Amino acid sequence: MSKSLEISDISDHPIKQIEINQLDYYYIDKGEGDVLFLLHGFPDLANTWDESITALSKSYRCIAPFLRGYYPTSIPKDGDYTMKSVASDILEMAQKLGIETFSVIGHDWGASVTYAMANLAPEKIKKIVTVAIPHPAYIKPNLTTFYKARHFLRFRNEKKSPTFTRKNNFAYLDTLYTRWAPNWSAYPETARQVKETFKQEGRLEAALGYYWSFHRTLGDRELQSFYGKRPKMPLLAFAGKTDGALLLKPFYQMEKTLPCKIAVHEQAGHFLHREAHDFFIDGVLRFLEN
């Protein structure tokens, strides 16, 4: 790992380590009070929450794990990156840290993990906040959905997708950033850090493993039924109108049939928590405090 990305330099906040499910898990930990877990997605690291933690840690204890496979957390030997398994990691982390109840904020894959956690341990979770990903029960397969999520097809082939993604200094990641967040001009520094971690042995394959696990388990009826369960605790779902990876219709359907509020930003895209930071923090604080 290059000196610019040593563990202590990745985040503006303290990073700690704990063993979870035979993995060395690293996590940002700052603040005191009721606990918020903040879960990142792809292509990202836990420091995607640095600005959010600066704001939220004034009132809450914020814990942001580097999810399994993402530097510096261990790469699982079995290649299991299902949402249920990652959700189990975070629940065990809470248990080992002596945290009985908490709320969860998740972005991208982290949002999917958040929904899975809500199904695994509803008695422990007070409220959930998701960014950019609707609940899976509301995602309907159609041509527009497939087009918006066409990166899933790009990443499906386990032999070819790492080579394709590495080409020209991970140029496809830049394509995704600009497609998903066309108004976010500040993405290059985040992209630089992510690319540096993906240059390390096994790290790109680990990140793509989330997509590979998704495709491998599509035929697992029991697991898909588990993912389809609807959360019963209060939910706040953020979506950006310029997000090239999603449709807004599922969010509006969620608002009608779940204990859910949606917060839609006109200019923000997929990384709404960074693109529209004040909008995001204001919405989260009002949701948590009411």
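Residues numbered from 1 in each chain as written. Predicted model: local features only at pLDDT ≥ 70, side-chain atom pairs only at ≥ 80, totals over all residues. Heavy atoms only, no water.

(A) Examining the sheet that holds strand S1 (residues 15–20) more closely. Here eight strands make up an open sheet; going across it, the order is S1-S2-S4-S3-S5-S6-S7-S8 and the pairing mixed. At either end of the open sheet lies a strand with only one pairing partner, and these are S1 and strand S8 (260–265). For this sheet the average axis-to-axis angle between neighbouring strands, irrespective of direction, equals 20 degrees. Here strand S5 (residues 102–107) runs beside strand S6 (residues 125–131); their pairing, made up of five bridges, is parallel. When the bridges of S6 are listed, histidine 107 appears paired with valine 131. (Pairing = 2+ DSSP bridges. Helix = DSSP H or I, 4+ residues; strand = E, 2+ residues; numbered from the N terminus. Axes fitted to C-alpha atoms, helices over the stretch in contact; angles between N-to-C directions.)

(B) Quick look at unusual backbone geometry. A cis geometry characterises the amide bond from phenylalanine 42 onward to proline 43, with omega recorded as -15 degrees. Locating proline 43 in the fold gives a position in the loop between strand S3 (35–39) and helix H2 (50–56). Residue proline 72 is bonded to the preceding tyrosine 71 through a cis peptide linkage, with omega at 5 degrees. Looking at the element boundaries, proline 72 is found in the loop between strand S4 (61–65) and helix H3 (83–96). A positive phi is found at glutamine 22, a non-glycine position, where the angle reads about 65 degrees. With respect to the helices, strands and loops of the structure, glutamine 22 is situated in the loop between S1 and strand S2 (23–30). We classify glutamine 22 as exposed; its relative accessible area is 76%. Residues other than glycine seldom take positive phi values, yet aspartate 108 does so here, at roughly 60 degrees. For aspartate 108, a relative accessible area of 7% gives the class buried. (Buried < 20%, exposed > 50% of the residue type's maximum accessible area, 1.4 Å probe, protein only.)

(C) Main features of the environment of phenylalanine 155. Take phenylalanine 155: it is sitting in the loop between helix H6 (151–154) and helix H7 (161–180). Residue class for phenylalanine 155 comes out buried when judged on its relative accessible area of 0%. Once you skip the residues sitting within four places of it in the chain, phenylalanine 155 turns out to touch Phe42, Ser161, Thr165, Tyr172, Leu176, Leu208, Tyr211 and Trp212. (Contact = heavy atoms within 4.5 Å.)

(D) Fine view of the packing of H3 against helix H4 (residues 109–120). Running from N to C, H3 and H4 point in directions that differ by 70 degrees, and their axes come no closer than 8 Å. In terms of orientation, H3 and H4 fall into the roughly perpendicular class. Seen from H3, the contacting residues are Met83, Lys84, Val86, Ala87, Ser88, Ile90 and Leu91; seen from H4, they are Trp109, Ser112, Val113, Ala116, Met117 and Leu120. (Parallel < 35°, antiparallel > 145°, perpendicular 65-115°, else oblique.)

(E) Structural detail: the nonpolar core. Ranked by size, the top nonpolar core spans 99 residues in total, and within it Phe37, Phe42, Phe102, Met117 and Phe280 carry the most contacts. With sequence-adjacent residues up to four places away left out, methionine 117 is seen in contact with Leu39, Ala87, Ile90, Leu91, Phe102, Val104, Pro122 and Ile125. (Core = buried A, V, L, I, M, F, W, Y, C linked by side-chain atoms within 4.5 Å.)

(F) Molecular detail of helix H11 (residues 249–257). Every buried residue of H11 is listed here: Pro250, Phe251 and Met254. In an axial view of H11, the angular spread of the buried residues amounts to 100 degrees, which keeps them on one side of the axis. Opposite the packed face of H11, turned more than 90 degrees from it, sit the exposed residues Lys249 and Lys256. Among the structural elements, H4, strand S7 (235–240) and S8 are those in contact with the buried residues of H11. (Arc of directions from axis to C-beta.)

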